[in-house]
Amino acid sequence: VQLQASGGGLVQAGGSLRLSCAASRRTLGAFIMGWFRQAPGKEREFVAAINRSGTSTVYAESVKGRFAISRDSAGDTVYLQMNNLKAEDMAVYYCAAARPLFIGNAGDGRKYEYWGQGTLVTVSS
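Residues numbered from 1 in each chain as written. Predicted model: local features only at pLDDT ≥ 70, side-chain atom pairs only at ≥ 80, totals over all residues. Heavy atoms only, no water.

J.: Describe the overall build of the protein chain, naming the residues involved and giving the relevant values.
T.: Counting secondary structure elements, the protein chain contains zero helices and eleven strands. Counted from the first residue to the last, the protein chain has its helices and strands arranged as β-β-β-β-β-β-β-β-β-β-β. For 125 residues, the compact-globule estimate of 2.2 N^0.38 gives 14 Å, and the C-alpha radius of gyration of the protein chain, at 13 Å, lies within 12% of that figure. If one aligns the C-alpha atoms of the protein chain with their principal axes, the spans along those axes are about 40 × 25 × 25 Å. Going through the 125 residues of the protein chain one by one, you find that 44% of them count as buried. (Helix = DSSP H or I, 4+ residues; strand = E, 2+ residues; numbered from the N terminus. Rg over C-alpha atoms; globule rule 2.2 N^0.38 Å. Buried < 20%, exposed > 50% of the residue type's maximum accessible area, 1.4 Å probe, protein only.)

What follows is the structure in structure tokens.
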């Protein structure tokens, strides 16, 4: 499965962006989908995940109440709506796909089998 993340860009602090993740030649309906990010000089960290049906989500504490993960009903695209962006949100964001697992374990990057190429989010203060 080849994942393609898009939607990154430059935004002022307090602004919003929506990231998208789609798969080439395959739908994402069979997978748990997650978003991770990596800032310069830092380790990759979990941001959010959503189950296959879209009925259950989990978020990192740092983004709760500001970010929302969703997926379209066709299972083709997963989104990350990011609101009230802060300087500390600046990073390369990656989408990833995992075989079905307990959503509570979705924060573990080792559970994900497929990764997208990343999209850069820059937040200016």
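Picking up where we left off.
J.: Could you give an account of the nonpolar core, naming the residues involved and the relevant values?
T.: Grouped together as the largest cluster of nonpolar side chains are 40 residues, with contacts concentrated most on Leu3, Met33, Trp35, Leu80, Met82, Tyr93 and Tyr112. Among the secondary structure elements, those contributing two or more residues to this core are strand S1 (2-6), strand S3 (17-24), strand S4 (32-38), strand S5 (45-50), strand S7 (67-71), strand S8 (77-82), strand S9 (91-98) and strand S11 (119-124). Looking at which element gives the most residues to this core, the answer is S9, with six residues. The residues touching methionine 33, leaving out its near neighbours within four places in the chain, are Leu3, Cys21, Leu28, Ala48, Ala49, Ile50, Ile69, Arg71, Val78, Ala96, Ala97 and Tyr112. (Core = buried A, V, L, I, M, F, W, Y, C linked by side-chain atoms within 4.5 Å. Contact = heavy atoms within 4.5 Å.)

J.: Quick rundown of the sheet that holds S7? Include the residues and the values.
T.: Taken in spatial order, the four strands of this open sheet run S1-S3-S8-S7, and their pairing is antiparallel. Lying at the two open borders of the sheet, with one neighbouring strand each, are S1 and S7. Direction aside, neighbouring strands of the sheet carry axes that sit 15° apart on average. Direction of pairing for S1 relative to S3: antiparallel, over a ladder of five bridges. Bridge pairing links glutamine 4 to alanine 22 in S3. (Pairing = 2+ DSSP bridges. Axes fitted to C-alpha atoms, helices over the stretch in contact; angles between N-to-C directions.)

J.: I'd like to hear about unusual backbone geometry, residue by residue, with values.
T.: For asparagine 84, which is not glycine, the phi dihedral falls at a positive 50°. Note that asparagine 84 resides in the loop between S8 and S9. Look at asparagine 84 and you get partly exposed, because its relative accessible area is 42%.

J.: Before we move on, can you summarise the pairing of S4 with the specific residues and values?
T.: Among the seven residues of S4, six are classified as buried, and the element is accordingly described as predominantly covered. One ladder, built from seven bridges, connects S4 with S9; its direction is antiparallel. If you follow methionine 33 over to S9, its bridge partner there is alanine 97. The sheet contact formed by S4 and S5 spans five bridges and is antiparallel. Bridge pairing in S5 places phenylalanine 36 opposite phenylalanine 46. Counting the residues in the hairpin turn of S4 and S5 gives six residues, including glycine 41, whose phi is positive at 75°.

J.: How would you sum up the state of the cysteines? Please name residues and give values.
T.: For the coordinates displayed, the defined rule picks out one disulfide. Between cysteine 21 and cysteine 95 runs a disulfide, and the two sulfur atoms are separated by 2.1 Å. What sets the handedness of the cysteine 21 and cysteine 95 disulfide is the S-S torsion sign, and at about 65° it is right-handed. Here cysteine 95 lies in strand S9 and cysteine 21 lies in strand S3, a separation of 74 residues in the sequence. Cysteine 21 sits in the buried class, given a relative accessible area of 0%. According to the relative accessible area criterion, cysteine 95 is buried, its value standing at 1%. (Disulfide = S-S within 2.5 Å.)

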